[in-house]
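# Residue-level structural notes
Residue-level listing of the chains:
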Amino acid sequence: MMQQWFKDAKLGVFMHWGLYSVKGIAESWSFYKGEISYEDYMAQAGGFTASRYDPVKWADIFTRFGARYSVLTAKHHDGFALWDTRYSDLNVVKQTPAGRDLIGPYCQAMRDAGIRVGLYFSHLDWSHPDNNAIIRPDTDLPYHPRTFPQGAPDPKRWKNFLRFHRGQLEELMTRYGTVDLMWFDGDWEKNADQWDMKGLREYLHRLNPQVILNSRMQGYGDYETPEQGFPVGDPVGEAWEYNVTMNNSWGYVPTDQDNKPVSRLVRMFTEVISRGGNMLLDIGPLADGTFQPEQEKRLLEFGDWLRPVSEAVYGTERGIGLRHYCGPSTLSKDHRTLYLYAFGRPGDLFLKGLHTPVKKATVLRSGRMLPVETMIGAPWNGVPPTVWIPVPEEEADPYATVVRLDLDGEVSLFEGAGGAIAYN
Ligand code: GLC
């Protein structure tokens, strides 16, 4: 069910943490694609120490970043659980030097810090012997023995898998207090009927009626989560989330130092929120539970930009759109305050078609008042004047300058093209 907190949250952190962080290779896919043998992949368990795992510190960093929710991989496609699941020995307690449940302390630390708790869970499980009992009839996936039945489809084995799947989800949703968001992935091998997604949705709601489900539920989720590729059209639904890696890898891959500059993260973020979305930014912790210093640094720098302008972010709604202002914008819930984002040396901010007069313009970070100049309207055709707001160079923020406009009433926009003067 979509919850208001999610629409207000705007920013989340995503973490891919698992065995793959030991060798610094791709999560799950590395063995599935044969880049490493299954045995060598699983042998990473011996190096998964979590020796410096400090979720309270994680929560502190996320708070300073500005995240209002976080999502941790409880189980990726490899089937290796970060908690003490009784349904499989493939878990951190039984097989790694970490030797303890890692999900509980994470949930607790996030909750204590006021950060909403999200867990990533892969429906499919490439370690479970019954994962390949059946496959969706219309599949165009390339053949893989962990995915395709070896002989005839076997509904009995599939039932067994579903019991396992539901059982693990019950553990996650009942052992650790309230889980606010279940972030699913790996639904593609079977169809909605085979997963019984409708039943799964009901089941999860019985465990927690308030839980939000992402879209990888084949029509039974609550919101779309476009991944990596920046969406141009707006995803359908009342909320959405752009899910993107800080570098080019989901987990810890030390050879990948291609972290996005903070200025670009800010720019992407402001575009996402100006269109009513959230941004879920992914980082890859090391096997000892610490963050890559370069990723941590960027989270904190991002937060330093965000903190002084946070009223233009949290709890806002999509802005006025690019035809009226050529840049990102957001609106307060009462639609009486408009926040404009500008980049580089903004010069004159230029607004068109704004019926509602601007009472006051201020640079949000400094509080400095700016002049509001209006020019050339066509009142006889109902066209409001253009609005120009010069931003002095010394007010330019290296990441994004935010200007607050106090409007004289709820925002009202002219959408037409105007026309000639019929009589003057
Ligand atoms: C892709 C990757 C998967 C990752 C997910 C996160 O599906 O294949 O490994 O967990 O994106 O959205």
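From a predicted model like this one, the values you see are computed outputs, not experimental measurements.

Tallying secondary structure elements over the protein chain gives 12 helices and 16 strands in all. At 25 Å, the protein chain has a C-alpha radius of gyration in line with the 22 Å of a compact globule built from 424 residues. In terms of overall dimensions, the protein chain has a C-alpha envelope of 85 × 45 × 35 Å along the principal axes. A burial count over the protein chain gives 58% of its 424 residues as buried. Look at the contacts in the protein chain between residues 6 or more apart in sequence, and 71% of them connect residues 24 or more apart. If you sum the accessible surface of the protein chain, you get close to 17,700 Å²; carbon and sulfur atoms cover 51% of it. The protein chain carries 45 positive and 54 negative side-chain charges, and their two centres are separated by 2 Å.

Take the site of the ligand next. Neighbouring the ligand are the residues Phe14, His16, Glu27, Trp29, His76, Tyr120, Trp183, Asp185, Arg216, Glu227, Asn243 and Trp250. Between His76 and the ligand, the recorded distance is 2.8 Å, taken from a side-chain N or O atom to an oxygen atom. The side chain of Tyr120 places a nitrogen or oxygen atom 3.3 Å from an oxygen atom of the ligand. Starting from 310 Å² of accessible surface for the ligand in isolation, the protein chains cover 90%. Residue classes in the shell around the ligand are distributed as five nonpolar, three polar and four charged.

With that out of the way, let us pick up the pairing of strand 2 (residues 69–75). Counting buried residues in strand 2 gives seven out of seven residues, a clear majority hidden from the surface. Two strands pair when backbone bridges link them, and strand 1 (residues 11–15) and strand 2 are joined in this way by four bridges, in the parallel orientation. Following the sheet pairing, Phe14 is matched in strand 2 by Val71. Two elements, strand 2 and strand 3 (residues 116–122), share six bridges in a ladder whose sense is parallel. When the sheet's bridge partners are listed, Ser70 is paired in strand 3 with Val117.

With that settled, consider the sheet that holds strand 1. Taken together, seven strands build an open sheet; the order of strands is 5-4-3-2-1-7-6 and the sheet is parallel. Where the open sheet ends on each side, the last strands, each with one partner, are strand 5 (212–213) and strand 6 (240–245). The pairing of strand 4 (residues 181–185) with strand 5 spans two bridges and is parallel. Across the sheet, residue Leu181 finds its bridge partner in strand 5, namely Ile212. Of the strands in this sheet, strand 1, strand 2 and strand 7 (277–283) are in contact with helix 5 (residues 55–65), which crosses strand 1 at around 145 degrees. Across the sheet, helix 7 (residues 103–112) lies against strand 1, strand 2 and strand 3, angled at about 150 degrees from strand 3, the strand it touches most.

Below, the discussion takes up the packing of helix 8 (residues 155–175) against helix 10 (residues 197–207). Close contact between helix 8 and helix 10 brings their axes to 10 Å; oriented N to C, the two are set at 25 degrees. In terms of orientation, helix 8 and helix 10 fall into the roughly parallel class. As for the relative orientation of helix 8 and helix 10, their crossing is right-handed in sense. Across the interface between the two elements, His165, Arg166, Gly167, Leu169, Glu170, Met173 and Thr174 of helix 8 pack against Leu200, Tyr203, Leu204 and Leu207 of helix 10. Considered class by class, the residues forming the contact of helix 8 with helix 10 number six nonpolar, three polar and two charged.

How each quantity is defined
Residues numbered from 1 in each chain as written. Predicted model: local features only at pLDDT ≥ 70, side-chain atom pairs only at ≥ 80, totals over all residues. Heavy atoms only, no water. Helix = DSSP H or I, 4+ residues; strand = E, 2+ residues; numbered from the N terminus. Rg over C-alpha atoms; globule rule 2.2 N^0.38 Å. Buried < 20%, exposed > 50% of the residue type's maximum accessible area, 1.4 Å probe, protein only. Contact = heavy atoms within 4.5 Å. Areas by Shrake-Rupley, 256 points an atom, 1.4 Å probe, with all protein chains shown as cover. Lys, Arg positive; Asp, Glu negative; His and termini not counted. Charge placed at Lys NZ, Arg CZ, Asp CG, Glu CD. Near = heavy atom within 4 Å. Polar contact = N/O pair within 3.5 Å; in protein donor to acceptor, adjacent residues only side chain to side chain. Nonpolar A, V, L, I, M, F, W, Y, C, P; charged D, E, K, R; others polar. Pairing = 2+ DSSP bridges. Axes fitted to C-alpha atoms, helices over the stretch in contact; angles between N-to-C directions. Parallel < 35°, antiparallel > 145°, perpendicular 65-115°, else oblique. Left-handed = near helix turned anticlockwise from the far one by under 90°.

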